Amino acid sequence: QVQLVESGGGLVQPGGSLRLSCTTSGFTFSAYAMSWYRQAPGKERELVAGITSGGAGTNYADSVKGRFTISRDNSKNTVSLQMNSLKPEDTAVYYCNVFRKIMYWGQGTQVTVSS
């Protein structure tokens, strides 16, 4: 079955960086676009970044453009999110996502940006 496992979250000071990773299994990773979403307390889950199956195309929420970079390694079935210049408003649980007939989600990884 489809499995998505996120890692790399933690506590970081404003202006700092984190790199999230999502390890996947149970589907042909290289055939599917992948996305990262986040959900802050009391807010709806929102799309942060997406990447096409081959990795050539990416898209970002306006709030993270220029600071976050999504990438993938189809040989390792992983998708990553490099987050730089982090702000307190980036604090959220971050989820890896794939749409394969239905939406699949990982368990999420907490990112807290605070001094």
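This text goes with the structure placed above it.
Residue indices follow the written sequence of each chain, beginning from 1 at its first position. The predicted origin of the model limits local features to residues at a pLDDT of at least 70 and limits the giving and counting of side-chain atom pairs to 80 or more, whereas totals for whole chains, interfaces and linings rest on all residues. Only hydrogens and water are removed before side-chain values are computed, so all heavy atoms of the structure are retained for them.

1. A short note on the sheet that holds strand β7 (residues 68-73)
Neighbouring strands of a sheet are bound in pairs by backbone hydrogen bonds; such pairs are parallel or else antiparallel. Taken in spatial order, the 4 strands of this open sheet run β1-β3-β8-β7, and their pairing is antiparallel. Of all strands in the sheet, those with a lone pairing partner are β1 (3-7) and β7, marking the two edges. Across the sheet, the mean angle separating the axes of adjacent strands is 15° when strand polarity is ignored. With 6 bridges joining them, β7 and strand β8 (residues 78-83) adopt antiparallel strand pairing. Its bridge partner being in β8, I70 is matched across the sheet by L81. When DSSP finds two or more bridges between a pair of strands, those strands are recorded as paired. Think of it this way: any DSSP run of H or I at least four residues long counts as a helix, any run of E at least two long counts as a strand, and we number them from the N terminus. Between N-to-C directions, angles cover 0 to 180 degrees, with each direction set by a line fitted to C-alpha atoms, over the stretch in contact for helices.

2. So, the pattern of salt bridges
Here the idea is simple: oppositely charged side chains can pair when their charged atoms come close. Think of a salt bridge as a Lys or Arg side-chain nitrogen and an Asp or Glu carboxyl oxygen that are within 4 Å of each other. According to the stated counting rule, one finds 4 salt bridges in the structure shown. The salt bridge partner of D90 is R38, with a shortest N-O separation of 2.9 Å. Of the two residues, D90 is situated in the loop between β8 and β9 (92-100) and R38 in strand β4 (residues 34-39); the sequence distance between them amounts to 52 residues. Accessibility here uses a 1.4 Å probe with only protein chains present; expressed as a share of the type maximum, an area under 20% marks a residue as buried, one over 50% as exposed, and anything in between as partly exposed. On the basis of relative accessible area, D90 is assigned to the buried category, the value being 0%. When the shortest N-O distance is used, the salt bridge between D90 and R67 registers 2.7 Å. One end of the pair, D90, is in the loop between β8 and β9; the other, R67, is in the loop between β6 (58-60) and β7, with 23 residues separating them in the sequence. The residues D90 and R67 share a single accessibility class, namely buried. Salt bridges sharing partners connect three or more residues here, namely R38, E46, R67 and D90.

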